[in-house]
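Here's the letter readout for the chains.
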Amino acid sequence: MYKSEPFISNPFATFFVRILTQKAEKDPPGKEFHFDPPRVSNAERYFISQLLTNPSKELFRKTPTQILQWDVSSLPPLDLTPLLNTIKECQQDIVLVDRVGVPTILPDSGFPRSNLEAIVASRRINPDNQRAVIDQILAGSQMTTQSHLSMRPEFLRLVPPLHSAEDELVWLNPIEADQYAAVWDSSLCQAKHSASEVRRLMAKAFKTALTPQESSQLQDELEQDPNVVFHIGLTPSRLPGLVENNPMIAIDVLLKLMSSNQITEYFSALVNMEMSLHSMEVVNRLTTSVDLPKEFIHLYISNCISTCETMQDRYMQSRLVRLVCVFLQSLIRNHVIDVKDLYIEVQAFCIEFSHIREAAGLFRLLKQMDSDNADMPPSSSSPAPMANSSS
């Protein structure tokens, strides 16, 4: 069956090697095992070795009687080294425990063979049942795995010794339930600034005005931990809602975001939002607290002037013009902006709405600034000629 395959592929390879390597004489009584292979003569051992290593046609022509009558005393001793090395190489990847074992099917040592033969001869065992059992053991679908398995030795795991350390913490096993009282740390896993409460207040601040108590609590939390501003859910798109509902909170948050790499996006959201008293209040407070980019301030002023010019409602237009004029006067008096950079645009705005008192006051402030610049040395630039031509 396996003559065309390598020797190691033969499932009986290890069995044949055990036959070849065992001693010819029998072990003394009590030292032999039921799972040992049968004892063979030197002639039989030589036949098996030739069958495994160098089978020839002449070898297969011999009868069992001729094989048993062989005189192998003059033949060289068997060299089983190649066979043993081949099996050893194939078993290197097998766990040591899996390499040893005894068959799972053993003969009953307490039942003599003569008694078994007598039972069979007396027809007390059905030959058909006997053959069926043998077939199931050797080739049956249910017993095949059992016939090929072996009884492996149990892998013993020693219990590790107890570690005795006088200076280490010892685990105590309480004997009685009320012997020890568990102490729970209520502050465990709680952030110092109560981030969940801050996020709750901020979520409310985006939609409606906070009460004085809530506003004070939120400002205190932001003051205790400035980094919490990055974890309160604020985004540039949500900034306009915060400015309209809670401008003071918006001012504190923007001041703490000045070092963020997203501050430009927040400035852009502030410029593009709808102009209102609260947005101007936020920008005015920011200009007095930090140095804002000139581009942002000029863009915001241009947006305010454009909003006033395109407003259709006369009442709202007059109200917004007054707010813008007061806002610009505050920026000019605090030297936040240079009048020369926006002189023409602001002067045209004042002339267009000259009927409004705040616009007239802003125009007079521009004239005063223009006259002050005219009194400066000639090296300093001044928009005075442009102002005279306009007047």
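Everything quoted here is computed from the prediction, not taken from an experiment.

## Quick word on the overall build of the chain
Part 1 of the reasoning: Tallying secondary structure elements over the chain gives 20 helices and two strands in all.
Part 2 of the reasoning: In the chain, once contacts between residues fewer than 6 apart in sequence are set aside, the share between residues at least 24 apart is 65%.

## Regarding the pattern of salt bridges
Part 1 of the reasoning: Across all of its chains, the model carries six salt bridges by this definition.
Part 2 of the reasoning: Between Lys 256 and Glu 223 there is a salt bridge; the shortest N-O distance is 3.8 Å. Of this pair, Lys 256 sits in helix H13 (residues 247–256) while Glu 223 is found in helix H11 (residues 212–224), placing the two residues 33 residues apart along the sequence.
Part 3 of the reasoning: Residue classification places Glu 223 among the exposed positions, given a relative accessible area of 58%.

## As for the packing of aromatic side chains
Part 1 of the reasoning: Tallied over the entire structure, the rule returns five aromatic pairs.
Part 2 of the reasoning: Three or more aromatic residues joined by ring pairs make a cluster, and in this case those are Phe 267, Phe 296, Tyr 300 and Phe 327.

## Brief notes about the packing of H11 against H13
Geometry of a packed helix pair, given as the angle between the helix axes and the separation of the axes.
Part 1 of the reasoning: Interhelical geometry of H11 versus H13 gives an angle of 5° and a closest axis separation of 10 Å. Looking at the two axes, H11 sits roughly parallel to H13. Counted together, Ser 215, Leu 218, Gln 219, Leu 222 and Glu 223 of H11 and Met 248, Ile 249, Asp 252, Val 253 and Lys 256 of H13 form the full contact between these two elements.
Part 2 of the reasoning: Residue classes in the contact of H11 with H13 are distributed as five nonpolar, two polar and three charged.

## Focus: helix H14 (residues 263–272)
Part 1 of the reasoning: Buried residues of H14: Ile 263, Tyr 266, Phe 267, Ala 269, Leu 270 and Val 271, and no others.
Part 2 of the reasoning: Looking at the packing, one finds that the buried side of H14 touches helix H12 (239–245), H13, helix H15 (277–289) and helix H16 (294–310).

## Focus on the confidence of the model for the chain
Part 1 of the reasoning: Of the residues in the chain, 75% reach a pLDDT of 70 or more, and the chain-wide mean stands at 75.
Part 2 of the reasoning: Taken element by element, the chain is modelled with least confidence in helix H20 (residues 384–390), mean pLDDT 32, and with most confidence in H12, mean pLDDT 90.
Part 3 of the reasoning: Here residues 378–391 is a poorly scored stretch, pLDDT under 50, and it has 21 contacts once near neighbours within four places are set aside; other chains count.

## Some points on the environment of Met 369
Part 1 of the reasoning: Among the secondary structure elements, Met 369 is positioned in helix H19 (residues 357–374).
Part 2 of the reasoning: Residue classification places Met 369 among the partly exposed residues on the basis of a relative accessible area of 23%.
Part 3 of the reasoning: C-alpha separation for the pair Met 369 and Lys 340, spaced 29 residues apart in sequence, amounts to 9.5 Å.
Part 4 of the reasoning: If we ignore the near neighbours within four places in the chain, the residues touching Met 369 are Ile 332 and Val 339.

Quick notes on the rules
- Residues numbered from 1 in each chain as written.
- Predicted model: local features only at pLDDT ≥ 70, side-chain atom pairs only at ≥ 80, totals over all residues.
- Heavy atoms only, no water.
- Helix = DSSP H or I, 4+ residues; strand = E, 2+ residues; numbered from the N terminus.
- Contact = heavy atoms within 4.5 Å.
- Salt bridge = Lys/Arg side-chain N within 4 Å of Asp/Glu carboxyl O.
- Buried < 20%, exposed > 50% of the residue type's maximum accessible area, 1.4 Å probe, protein only.
- Phe/Tyr/Trp six-rings, centres within 6.5 Å; stacked < 30°, edge-to-face > 60°.
- Axes fitted to C-alpha atoms, helices over the stretch in contact; angles between N-to-C directions.
- Parallel < 35°, antiparallel > 145°, perpendicular 65-115°, else oblique.
- Nonpolar A, V, L, I, M, F, W, Y, C, P; charged D, E, K, R; others polar.
- pLDDT = per-residue confidence, 0-100.

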